[in-house]
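In case you want the letters, here they are:
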Amino acid sequence: MNRQEEHSIYGVMARFDTPTDVVRAARDANAAGYRQVNAYSPFPIEELSEAIGFHRDHVSKTVLLGGLLGAAGGFALQYFTSVIDYPINVGGRPLLSLPSFVPIIFESGILLAAFGAVLGMILMNGLPRPYHPVFNVPSFKRASRDAFFICIKATDPKFDPARTRDFLAGLGAKEVTDVEANLRSLTLLLLLAGVAVSGSACRQDMHDNPRYEAYEVGSHREIPEGTVARGALDTNPSAPKLEQGASTPAATPSPAGATAPTVTPAAAVPTGEDGFPFKVTKAILDRGQNRYNISCLPCHGALGDGNGMIALRGIRRPPSYHDERLRKAPTSYFYDVITNGFGAMSNYADQLTPEDRWKVIAYVRVLQLSQRVDGAALSEVDRRHLDGAEQGSKAETASGEGNQSVGGQGNQ
Ligand code: HEC
């Protein structure tokens, strides 16, 4: 027998017609010293596996091995996390606390034991095996219908093609066939695997598709016409534009000398710490009054005396603008209060643009002036207005109301 022949056949197969025959043949083969014997039958035959000397399998060992590995792994994981990598002292309990490790050790042990059982079963069955050489025998189809087979494998130490064939024929086999080794289908399988692997290597993913790089020409969308960036919209289009750089020196408004509420524009531009960043005009004061009435009046009152409706309803009463302290306070102080808030008063930076803050302050100055104007400094026309207002106010006082109208506290 040459090696070529030995390797090109899987074994020798014999067919029998009855279970009794096949069991007897199996016993004889076993007795004759053949150990690599397999038997095939359409239904289970208890004695058959005994007859061919079927050994106990080793699955229980892989289960044990898996279980031990799992338990050890579970312990190692917990030991690493709670003792080495991230030790946390919980109520002084020891870091290595076996009782608390038990559930996970148990669970991971069970898990890997189950894996061991499944994997061990699959591997010991020689799976996965898409095709088995015994199917090369044409009559083997009947193994699931009405025929009984015994196959002595070429790997058996006692195997010799010619002698084994004769031996099987001598046992009363109806048919004795060589079983071709399964090289053909093996090659096919390898080929298929090769195709599958190489096919999976050429794929195109989204991360390397043809695309624009950042800042590449054409990579960004043009901003549609008329788009305004957040916060860049001029929400106060009615506000008069500032006359940039038009600030001219003028007297600081003081009780002793300036203008009446109907301000003469040029005279109302203070400088220094008490200055405004623009020339105060009638339009600016109108705007200031408009904003003051919206944002400040509810608390500080129409006169700035702190008697706004909100304060009257019980919210903390603001100090009067006519206090000595606030009359002396520079405009920058008011700007600071509006921008950053003061004590119980929240800031108004969101409601008022910087430009409008200055305009409100200009109007606050007017309010302060309105209560302490020096009558002698007034023009003839203004004085007559003031007198008229005073008389009106007195008439109202007589009728029992309006005792706080503008000019009611003017001097003399
Ligand atoms: C919701 C009510 C409320 C509104 C509206 C309000 N304030 Fe006040 N303001 C107060 C209160 C209350 C105080 C006193 C705060 C404190 O002493 O804790 C105060 C204090 C002030 C002070 C005095 C700070 C000091 O030194 O005592 C100034 C100035 C002032 N506010 C300006 C303004 C201006 C200008 C506006 C409009 C933009 C305005 N406030 C809007 C309630 C308000």
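Given the structure is predicted, the values throughout are model-derived calculations rather than measurements.

Caption draft 1: Geometry of the overall build of the chain. Broken down by element type, the chain carries 14 helices and four strands. Counting every position in the chain, which comprises 412 residues, the buried fraction comes to 23%. Restricting to contacts in the chain with at least 6 residues of sequence separation, those with at least 24 account for 66%.

Caption draft 2: Expanded view of the environment of Phe-16. When you line up the elements, Phe-16 lands in strand β1 (residues 9-16). Take Phe-16: there are 24 C-beta atoms within 10 Å of it, and that puts it in the buried class. Remark: the alpha-carbon pair of Phe-16 and Leu-171, spanning 155 residues in sequence, is separated by 9.5 Å. When near neighbours in sequence (up to four residues on either side) are disregarded, Phe-16 contacts Asp-21, Val-22, Ala-25, Phe-148, Ala-173 and Lys-174.

Caption draft 3: Spatial organisation of the pairing of strand β2 (residues 37-40). Burial of the side chains of β2 is restricted to one face: Val-37 and Ala-39 are buried, whereas none of Asn-38 and Tyr-40 on the reverse face is. Strand direction decides the pairing type here: β2 and strand β3 (residues 148-153), joined by four bridges, are antiparallel. Bridge pairing links Tyr-40 to Phe-149 in β3.

Caption draft 4: Molecular detail of the packing of helix α12 (residues 331-340) against helix α13 (residues 354-370). The geometry of α12 relative to α13 is characterised by a closest axis approach of 10 Å and an angle of 125° between their N-to-C directions. Taken together, the axes of α12 and α13 are oblique relative to one another. Where α12 crosses over α13, the handedness of that crossing is right-handed. Residues Thr-331, Phe-334, Tyr-335, Ile-338 and Thr-339 of α12 form the contact with α13, whose own contacting residues are Arg-357, Trp-358, Val-360, Ile-361 and Val-364. Its residues assigned to classes, the contact of α12 with α13 shows seven nonpolar, two polar and one charged.

Caption draft 5: Just the site of the ligand, in detail. Neighbouring residues of the ligand: 19 residues in total, closest Cys-296, Cys-299, Pro-318, Gly-343 and Met-345. Those elements that provide at least two residues to the shell around the ligand are α9 (297-300), α12 and α13.

Caption draft 6: Quick peek at the nonpolar core. Core analysis: the biggest nonpolar cluster contains 28 residues, and Ala-14, Val-22, Ala-26, Val-37, Phe-149 and Ile-150 have the highest contact counts within it. Elements with a minimum of two residues in this core: β1, α2 (19-31), β2, β3 and α6 (161-170). Leave out the neighbours within four places in its chain, and Ala-14 touches Ala-25, Phe-149, Ile-150, Leu-168, Leu-171, Ala-173 and Val-176.

Caption draft 7: Just the pairing of β1, in detail. Most of β1 is tucked away, with seven of its eight residues classed as buried. Two elements, β1 and strand β4 (residues 175-180), share six bridges in a ladder whose sense is antiparallel. Within β4, the position partnered with Arg-15 by the bridge is Glu-175. Relative to β3, β1 runs antiparallel, the two sharing six bridges. Its bridge partner being in β3, Val-12 is matched across the sheet by Ile-152.

Caption draft 8: Focus on the sheet that holds β4. Read from one edge to the other, the open sheet built from four strands follows the order β2-β3-β1-β4, with strand pairing classed as antiparallel. The sheet terminates laterally at β2 and β4, the two strands that pair on one side only. Adjacent strand axes in the sheet meet at a mean angle of 25° when their direction is disregarded. Sheet strands in contact with α2 are β1, β2 and β3, and its direction is about 15° off that of β3. The strands that α6 touches are β1, β3 and β4; relative to β1, the one it contacts most, it runs at about 10°.

Caption draft 9: Up close: the environment of Ala-25. Topologically, Ala-25 is positioned in helix α2. As for Ala-25 and Ile-150, which are separated by 125 residues in sequence, their C-alpha atoms are 8.0 Å apart. Those residues within four positions of Ala-25 in sequence are excluded, and the remaining contacts are Ala-14, Phe-16, Ile-150 and Leu-171.

Caption draft 10: View of the confidence of the model for the chain. Per-residue pLDDT for the chain averages 80, and the proportion of residues at 70 or more is 80%. Within the model, pLDDT remains below 50 along residues 1-6, and this stretch shows five contacts once partners closer than five positions in the same chain are excluded. A low-confidence stretch, residues 236-270 (pLDDT under 50), is modelled with 71 contacts involving residues beyond four sequence positions or located in other chains.

Caption draft 11: Representation of the packing of helix α4 (residues 59-85) against helix α5 (residues 98-124). Axis separation between α4 and α5 bottoms out at 6 Å; the angle between their running directions is 145°. Both α4 and α5 take part in a crossing whose hand is right-handed. Of the residues contributing to the contact of α4 with α5, the split by class is 17 nonpolar, 11 polar and one charged.

Conventions used here
Residues numbered from 1 in each chain as written. Predicted model: local features only at pLDDT ≥ 70, side-chain atom pairs only at ≥ 80, totals over all residues. Helix = DSSP H or I, 4+ residues; strand = E, 2+ residues; numbered from the N terminus. Buried ≥ 20, exposed ≤ 12 C-beta atoms within 10 Å, placed from the backbone. Contact = placed C-beta atoms within 7 Å. Pairing = 2+ DSSP bridges. Axes fitted to C-alpha atoms, helices over the stretch in contact; angles between N-to-C directions. Parallel < 35°, antiparallel > 145°, perpendicular 65-115°, else oblique. Left-handed = near helix turned anticlockwise from the far one by under 90°. Nonpolar A, V, L, I, M, F, W, Y, C, P; charged D, E, K, R; others polar. Near = placed C-beta within 6 Å. Core = buried A, V, L, I, M, F, W, Y, C linked by C-beta atoms within 7 Å. pLDDT = per-residue confidence, 0-100.

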